[in-house]
Protein chains: 2
Amino acid sequence: MAEALFTLASTGTPGLRFDGDDPRLAAAAWSRIAEPGDPVAGALVGHLGVVEALAWLVDAARDPSQVPVADLAGVRPASAERLAQAVARWAPRLGSLDPRRELRVLERCEGTLLVPGDERWPDGLAGLGAAAPFALWVRGNADLSTWARRSVALVGARASTAYGERVAANLACGLVDRGFAVVSGGAYGIDAAAHSGALAAEGVTCAVMAGGVDRFYPQGNDDLLRQVLATGTVLSEVPPGSAPFRQRFLARNRLIAALTGATVVVEAAHRSGALSTARHAVQLHRPVGAVPGPVTSMASAGCHALLRDGAAVCVTGAEDVAELAGAMGDDAAAAERSAPVGPRDGLDPDERMLWDALPVRSGATTDSVAASAGLAPRRVMTLLGSFERRGLARRDGARWVRGS
Amino acid sequence: MAEALFTLASTGTPGLRFDGDDPRLAAAAWSRIAEPGDPVAGALVGHLGVVEALAWLVDAARDPSQVPVADLAGVRPASAERLAQAVARWAPRLGSLDPRRELRVLERCEGTLLVPGDERWPDGLAGLGAAAPFALWVRGNADLSTWARRSVALVGARASTAYGERVAANLACGLVDRGFAVVSGGAYGIDAAAHSGALAAEGVTCAVMAGGVDRFYPQGNDDLLRQVLATGTVLSEVPPGSAPFRQRFLARNRLIAALTGATVVVEAAHRSGALSTARHAVQLHRPVGAVPGPVTSMASAGCHALLRDGAAVCVTGAEDVAELAGAMGDDAAAAERSAPVGPRDGLDPDERMLWDALPVRSGATTDSVAASAGLAPRRVMTLLGSFERRGLARRDGARWVRGS
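Everything numeric here is computed off the predicted structure, so don't read it as measured data.

Quick look at the overall build of chain A
When you go through chain A residue by residue, the secondary structure sums to 17 helices and 11 strands. In chain A, 70% of the contacts between residues at least 6 apart in sequence involve partners at least 24 apart.

Overview of helix α1 (residues 23-33) of chain A
Residue and element names in this part refer to chain A. Most of α1 is tucked away, with 9 of its 11 residues classed as buried. For α1, the set of buried residues is L25, A26, A27, A28, A29, W30, S31, R32 and I33. Close packing links the buried residues of α1 with α2 (39-48), α3 (50-61), α4 (80-90), α5 (99-108) and β1 (111-114).

Quick look at the interface of chain A and chain B
The interface is formed by 30 residues belonging to chain A together with 28 residues belonging to chain B. Secondary structure elements with two or more residues in the side of chain A that touches chain B: α7 (162-177), α12 (301-308), β9 (313-314), α15 (349-357), α16 (366-373) and α17 (377-389) of chain A. The biggest single contributor to the side of chain A that touches chain B is α15 of chain A, with 5 residues. When grouped by side-chain class, the residues that make up the side of chain A that touches chain B number 18 nonpolar, 5 polar and 7 charged.

Concerning the sheet that holds strand β2 (residues 136-140) of chain A
All names here are of chain A. Read from one edge of the open sheet, 9 strands run β1-β2-β6-β5-β4-β3-β7-β8-β9, paired in mixed fashion. For this open sheet the edge positions go to β1 and β9, each flanked by a neighbour on one side alone. Bridge analysis of strand β4 (residues 181-184) against strand β5 (residues 205-208) gives 3 bridges, and the strand direction is parallel. Bridging across to β5, V182 finds its partner in T205. In this fold helix α11 (residues 274-283) packs onto β3 (151-155), β7 (262-265) and β8 (288-290), with an angle of close to 150° to the strand it touches most, β7. Sitting on the sheet, α12 touches β7, β8 and β9, and the angle it makes with β8 is about 130°.

Some remarks on the pairing of strand β10 (residues 393-396) of chain B
All names here are of chain B. Strand direction decides the pairing type here: β10 and strand β11 (residues 399-402), joined by 4 bridges, are antiparallel. Bridge pairing links A393 to R402 in β11. Counted along the chain from β10 to the antiparallel partner β11, the turn is 2 residues long, and its residue G397 has a positive phi close to 70°.

Observations regarding the environment of A162 of chain B
One can find A162 of chain B in helix α7 (residues 162-177). Judged by the 8 C-beta atoms lying within 10 Å of it, A162 of chain B falls in the exposed class.

Some details on the confidence of the model for chain A
The predicted coordinates ought not to be read in detail in places where the model reports low pLDDT. Residue and element names in this part refer to chain A. For chain A, the mean per-residue pLDDT works out to 87, and 88% of the residues sit at or above 70. Here residues 1-18 scores under 50 on pLDDT; set against residues more than four positions off or in separate chains, the count is 36 contacts. Low pLDDT (under 50) marks residues 327-341, which in the prediction has 10 contacts with non-local residues, meaning those over four places away or in another chain. Predicted complex, confidence summary: ipTM 0.76, pTM 0.78.

Some remarks on the packing of helix α2 (residues 39-48) of chain B against helix α3 (residues 50-61) of chain B
Residue and element names in this part refer to chain B. Packing of α2 against α3 leaves a shortest axis separation of 6 Å and a crossing angle of 115°. The way α2 lies across α3 gives a crossing that is right-handed. Facing α2, whose interface residues are L44, V45 and L48, α3 presents V50, E52, A53 and W56. Looking at side-chain class alone, the contact of α2 with α3 contains 6 nonpolar, no polar and 1 charged residues.

What counts and what doesn't
Residues numbered from 1 in each chain as written. Chains lettered and ligands numbered in written order. Predicted model: local features only at pLDDT ≥ 70, side-chain atom pairs only at ≥ 80, totals over all residues. Helix = DSSP H or I, 4+ residues; strand = E, 2+ residues; numbered from the N terminus. Contact = placed C-beta atoms within 7 Å. Buried ≥ 20, exposed ≤ 12 C-beta atoms within 10 Å, placed from the backbone. Nonpolar A, V, L, I, M, F, W, Y, C, P; charged D, E, K, R; others polar. Pairing = 2+ DSSP bridges. Axes fitted to C-alpha atoms, helices over the stretch in contact; angles between N-to-C directions. pLDDT = per-residue confidence, 0-100. Left-handed = near helix turned anticlockwise from the far one by under 90°.

In C-alpha cells, the structure reads:
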C-alpha cells in the first residue's frame, strides 16, 4: 500500500484527499476520528464499511453544509441532521489524521492492533452493537478472544478504604485461582488492588485505559501497569497519544463491561464512576455483583444502592463471583457452602424438644419428660432409646438425664 | 364461672373431667397444651372452636387408642393418624393443666391475656393461619392492634459485633422517629441493641419471649426488659412458667415476623436463628430487609446470604426500612409525589409487571404469576404481600387475583 494512503491535506477549509482501501488503517483512523462509543460513527461504518465510511466522510467534510445523505437512509440512528452534526465534529480531526504514525508508536511499544473480524478480537464486544470500538490498541498479551472468555471485571472507587482494597485483592487472587482473568481500569484504589491481587496470584490481568497505551495513566501506577504488561494486557480503543479525557473514562467503562463475563463493584461511593461500569453491564445483560460493606462507610454506599435497586447481586467472595461469571462446569460444584456442624446439630424438631426438656442434673421420669417436651410418652421412650445409643441421654434408674 | 371449670383429674390413666365454656380459659389452656405453632392444634381449634376442642381432647385423652375422629373430617392437616399422635403428645399435659393459676400469675405481673377476636388482638397474626397463637400473654402496653400496625422487627445475632449493635440502635432510633414500634426478641446482641435504641428515642418497643413472661430471659437482660416493660410490651404465646426451649425460640420467631410490617436482619452468621425470622416473614409475604456489613465479618454472612438469594432487600438506614415497612397510612400518602388517578398509579416497574400479570378472575399461583411477570418468585411473594395490604391483590386459597 502506498504511503499516500492517508495523506489528507487539510487547511481547516475544504481540500481533503482520500484514496486507499486498507480496512485496518481505516479502522485505526476511525478510532481517532470518533470519540469512543459514538453511535453515529458506529452506524455509518456498519452501513458503509469502514473504508467506504472514511471515504464518505472525507467527501462530506469538504462542505459540511452539503452532507450527501441520500444514500444513507439505512444508517440508524443517524438522521440527516445528526449526520451533519457528526460530520461537523469529526471533520476537525481529519486534518491531523495519521494512523500510520500511531501504528508506528504502537509498534515501538511492541503492541498489536486488533480490529473486528480478527481471530483474537473478543466476542463480548459484539454486545455493544454500534457503540463497539473500531479497533483495540493492545500491549502485552493480545490473545483477547482466549482470556476474555473467562474473565471478570473488578472495579471500584479510587477513594477506596483499606477494607475495599483487601477485598479486591482477595477476590482477584481467588478468581485467578479459578482460572479467570481480572480486568480493571488501572486507576488508584480498587483497580490497583485488583490488578495487584491478580499479579500476586500470577494470573492474567488486563488494564483498560481511557487514554492511549503509549503513556500510562495515572503516572503513580506506572510501576504497577508495567507489571501488568509483563504477563497481562494493557489496552485502549483510542490511539497512542490520546489524552485520558473524562468522557473517555466513562466510555472506557462500557468496554470493561463488554469484555468480561461479569462486573463486580467492590467499593463505590454514591456517584462513583464504577457505577457506570455496572450500568453498562446491566444494559449488556451481563451479571453484576456488588460487594457489601459497613453501612457506615460512604465508600460502600454505591454498592448498597446497586443491591437495593436489584441491579447487582450480593457477592462476598471469589466463589460467588466465579458462580456469577462462570457457570462453567467445576464452578457450580465449588459453590456448595459448608457450615460447621456441632454435636447437637442435625436433631429433628421432636429430638430438639426432647433435648431441651431433658434435665441436666436430677433425672426425670419418661412421663415427666414427655409432658415437659410436649411429646407422647411412647415417642419419648423411643427417642430416649435412640438418645441413649447416641450418648445424648443417660438412665438414672427409672429417670433420665442429659448425656452430654 | 365455677372454680371447677378446669378441674381435670388425671392419674396417668383415664379419669379426666372437663366442664366449662369460657373461651378465654380454654385458649389459655391450649397455649399450655400445644407447643407454639402446632398446626394440628390450630386446625382442631379452628374447626371445633376453642372450648369444644378442649372438651374433645379431654374426651379423647381418656383412651388415646380410640380417638373419635369421625366428626373431624374437616380438620386439616390432621389425618386420623396425625390426630391420634397429637392427642398422645397433648394428653400428658392435661394432668397438670391449671390456666386459672397461670392467669393469677399474669395478674400479679399486671399483665393481660389477649385472645383472637379481642379488639386489641393484632391483625398481622391472621397471616399465620392454623399456626396462629391461641393466646398472647402480655405485660405492659397491651394495645397491640394499634402499635403493631406500624412496627418493624429488628432481629439479629446474639454474637454481634460493635458495628452491628451500633447499626441496630441507630435503626431503632430512626424508626421510632418515624413513628414505628420496634419489635425484637429480648436476646443479647442485636436484639438488646434494638430495644435500647428504641428506648433511647423514647419509642414503643416490644420483646417477644420464647418462655413465659413471668421470668425474663436471658437473666442478664433483666434490667433492659424491665425498661422495655415500663413504656412498651413484653409478650409471649406460652403461659407463665413455660421454659424457653430452643424449639420455642424458633416458633417465637414466626410471631415476630407476623406481628410486624417488615423484618430486618441486622447481623446474622450463617446459621443464626435470626434467619428463621426472615424465612417466616418471606412465607408471610412480609418485606424482609438485611443490613450489609464487611464481607470479612462472619456476623454479616447470614445477611449477605439473604441478599444473595433475593430473600431480602439491602437496607442501610431507617429511611430504607420505613419505606420497606410503611405503605400504611401517612407513608403511602407521603410516597405519592403526584396526584393519584387510580390504584395502579405510582407502581414501580416490578409492581407494574406484577399488576399486569395478576389474573382478574380465576386465581393463579405465585409461581405462575412470577413466570408471567418475569419476576423471581420470592420477589413476587413480597410484592403480593404489599399488594394485599394495599388492596391491589386478593388471596383465593393458595391463588391470587387482582384486588381492584
